Every structure is written in structure tokens, then in C-alpha cells.
Amino acid sequence: MTSVLYIGGTGAISASCVAESVRLGDEVTVLNRGRTALRQLPPGVTTVTADVAEPGALEGVLAGGFDVVVDFLCFTAEDAARAVAACRGRVRQYVFISSASVYDRSRARLPVVESSPRWREAPGYTGAKMAAEDVFAAARAEGFPVTVVRPSHTYDDAKPPLPGGWTDVDRLLSGEEVVVPGDGTSLWTLTHASDFAVGLAGLLGDPRTLGETYHVTSEEVLPWDEVYRTLADLAGVVPRLVHVPADLLPVAAPDWRWSALIVGDLRYSTVVDNSKVRRAVPAFAPVVTWAAGAARLLAWRAEHPAECRRDPATDAVLDRLVTGVHRSADLLRSLVP
């Protein structure tokens, strides 16, 4: 039996991973700040309330003895350095949850493999994950037992994989216009958390994975327009899609966190080769298609309406973008002789 400490454990991705570890027979402990969560932990999981950003907090928890630490709350180089200091010599494996957004799709050949080039530099979330990876690479060279895992746009029943979240879903189902990044033809992969969990949990406790990097994604590839149309078809509505050029998003919506993510990530087609994780985890075989996942999202929405309300700030950004596209089109039409 492998004893696993999940740092996080109740989020859109991590909750499914905890459940999968329990299913595999691991002894699972979840460490987080004890905030109210949408997702319930399965029976048998031990919970610990602590803030890993507090000096000595993680060291204190690790004194209980764990084989593996899976860290869903490491986002920056500072977080990574703190994790290395706390876990060195105390665990057999530390798993850093990075992001497949670190791959430079502007120059990478498709499909992407783990050795595909990263961005030379990147802003925001992606840049911070890259900096954390660099800290772990240096620690790995000194014997730190790290495994790097890169999810790519992973969702669960309670978290839509659309930039506008539940606001996008509500607008779509209400017959209102929704914003699609780019021209809607770039290819993308949406991974259900239950599929990701099989790959992640299968890597835990395996000494062959130490020092290695794996991305874990679905293998279904869809254009962005089809992502929205699939959801609309299931709901029996006609989608009203408004395409916004990615380069205009930081200009028109600098206050929207998704602007930078779309410019640096979603605008590029993503096709991923999962051969490496399949070799390490033969059980990994994604089964939740986007059509099935979208149906689960709609069912969850029907059962939890209070948790799926529109976000006013996101709604305002989307209205601004839609209005801007229409005004731009009117202006261009006025210039035609």
C-alpha cells in the first residue's frame, strides 16, 4: 500500500485523482486550507487542515510519514523551492502538477511530445509554471525524486472547460451570443478529470517515473466551434458564435484572465501524443468523450442551479467583446465603396 499526501485534493482535477488513488488501494491524506468545497472526498480519506505557504507547515505534516506527495497547489518558483526544502529526504516521490500550456505550439510539430520545445518566455500562469519546472529540474539534478505531470485543459462535471465557464453555458443555452477564440477552427483537446486521474494515480509510487515528465490528456481532437456546437446540440439550442481574433483580446479585455491564456495557448491547435504515459500506465485509456462530458455538465447544472449562476464580471467582458466585434464589422462595411 502506498501512502499518498495530496496537497489540494478537492479541486476540479485533484478530487478525481484522490478518488482514483482510493480505488487503487492507496492510503490517502488530503491537505488543504479547509475551505468549503463542491466536491466531497470519498470515505477513508484523512484530511489535514494547514496552509503550505506558512513556514514549517508542510514539514510538520510530513512528519507523519508519506511515500508520495502530489502537489496541486504549487504555482510559482517560490512555491517549488519551498516544496523541495520541505520534501527533500522525507518522501520517495514528489509529483509536481505543471501544465501542457508550457509547450510552444507556435513552433512545435504536432503531435506534441514531452520533449517538444517550451516557450522561451511566457506571461502569467504559464510563465510561473515554467519557472517552477526549472526549480524542480535543478533539484532533480541533485537527486530530488520529482515527477512532472502536465495536464491540458482538464474539466469535471462541476467545471465547464469553456473560457467563460458557467456564464458561457448559460449564454449558449439562453440563445445569446458567446465568444469563441480565434476563428473557431483551431484544434483542441478537452480531458475529463476522471480520465486524467487514471494516468496520474498510475504514476504514483513507481520508481521508474522519477525524474520523468508526462503529459496526461484525452486523445479526442475537436475544433473550438465544435466544442460549443456539441453542447448546444445536447441542449437543443442553436449556437450563436462570435469569433474574436486572439490578438485583440488583450486590447479589448485586459481585465479578463483568459485573454492571456487564449493568446498564449488556446489560439494554437493542440494534438498530444500520450505514448509515454500509456507505456508507464497501461490502464490509461481515456473514455469520456466531449459529448459524454458535456452531457454530464448539463446534468450537474440541472441538479445544482445555485452553483452555476452567471458571473457578472465575466458576463460584462463577454458583452464588451461581442459589442466590439459587431461595431468593428459595421465600421468595415461603412468603408466599402
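Residues numbered from 1 in each chain as written. Predicted model: local features only at pLDDT ≥ 70, side-chain atom pairs only at ≥ 80, totals over all residues. Heavy atoms only, no water.

(A) Structural context of the overall build of the protein. Along the protein, the regular secondary structure elements total 12 helices and 13 strands. Relative to its 337 residues, the protein shows a buried fraction of 50%. Excluding contacts between residues fewer than 6 apart, the proportion of contacts in the protein whose partners are at least 24 apart in sequence is 77%. Within the protein, one finds 33 positive and 41 negative side-chain charges whose respective centroids are separated by 3 Å. (Helix = DSSP H or I, 4+ residues; strand = E, 2+ residues; numbered from the N terminus. Buried < 20%, exposed > 50% of the residue type's maximum accessible area, 1.4 Å probe, protein only. Contact = heavy atoms within 4.5 Å. Lys, Arg positive; Asp, Glu negative; His and termini not counted. Charge placed at Lys NZ, Arg CZ, Asp CG, Glu CD.)

(B) Seen up close, the pattern of salt bridges. Inspection of the entire model under this criterion finds 23 salt bridges. Glutamate 133 is the salt-bridge partner of arginine 150, the closest N and O atoms lying 2.9 Å from each other. Separated by 17 residues along the polypeptide, arginine 150 in strand 6 (residues 146–151) and glutamate 133 in helix 4 (residues 124–141) bring together distant segments of the chain. For the pair arginine 150 and glutamate 133, a shared accessibility class is recorded, and that class is buried. Across the salt bridge formed by aspartate 170 and arginine 310, the nearest N and O atoms sit 2.5 Å from each other. Taken together, the positions of aspartate 170 in helix 5 (residues 165–173) and arginine 310 in the loop between helix 11 (290–303) and helix 12 (312–335) put the pair 140 residues apart, joining distant regions of the chain. (Salt bridge = Lys/Arg side-chain N within 4 Å of Asp/Glu carboxyl O.)

(C) Here's a closer look at the environment of aspartate 255. The topology assignment puts aspartate 255 in the loop between helix 8 (249–252) and helix 9 (257–266). Along the chain, aspartate 255 and threonine 314 lie 59 residues apart, while their C-alpha atoms are 9.8 Å from each other. In contact with aspartate 255, not counting residues within four places along its chain, are Val317 and Arg320. Within the local environment of aspartate 255, its side chain forms a polar contact with the side chain of arginine 320, the two groups lying 3.0 Å apart. (Polar contact = N/O pair within 3.5 Å; in protein donor to acceptor, adjacent residues only side chain to side chain.)

(D) Quick peek at the packing of helix 1 (residues 14–23) against helix 6 (residues 193–203). At a closest axis distance of 8 Å, the pairing of helix 1 and helix 6 adopts a crossing angle of 55°. When the axes of helix 1 and helix 6 are compared, the pair comes out oblique. You can see that helix 1 and helix 6 cross each other, and the crossing is right-handed. Listed contacts from helix 6 to Ser16, Cys17, Glu20 and Ser21 of helix 1 are Ala193, Ser194, Phe196, Ala197, Val198, Leu200 and Ala201. A per-class count over the contact of helix 1 with helix 6 returns 7 nonpolar, 3 polar and 1 charged. (Axes fitted to C-alpha atoms, helices over the stretch in contact; angles between N-to-C directions. Parallel < 35°, antiparallel > 145°, perpendicular 65-115°, else oblique. Left-handed = near helix turned anticlockwise from the far one by under 90°. Nonpolar A, V, L, I, M, F, W, Y, C, P; charged D, E, K, R; others polar.)

(E) Local environment of a nonpolar patch on the surface. Together, Leu73, Phe75 and Tyr125 line one region of the surface with nonpolar side chains, adding up to about 250 Å² of accessible area. With respect to the helices and strands, phenylalanine 75 occurs in the loop between strand 4 (68–71) and helix 3 (77–87). (Patch = residues over 30% accessible without salt bridge, like charges linked within 9 Å, V, L, I, M, F, W, Y side chains within 5 Å. Areas by Shrake-Rupley, 256 points an atom, 1.4 Å probe, with all protein chains shown as cover.)

(F) Broad picture of unusual backbone geometry. The omega torsion of the bond from leucine 110 to proline 111 falls at 0°, within 30 degrees of zero and hence cis. With respect to the helices and strands, proline 111 occurs in the loop between strand 5 (93–97) and helix 4. Even without being a glycine, histidine 153 presents a positive backbone phi close to 50°. As for its placement among the helices and strands, histidine 153 is situated in the loop between strand 6 and strand 7 (154–155).

(G) Fine view of the side chain of serine 3. Secondary-structure assignment places serine 3 in strand 1 (residues 3–7). With a relative accessible area of 10%, serine 3 lands in the buried category. Here the side chain of serine 3 touches aspartate 67 through a polar contact of 2.9 Å, landing on its backbone nitrogen. Aside from chain neighbours lying at most four places away, what touches serine 3 is Glu27, Gly65, Phe66, Asp67 and Val68.

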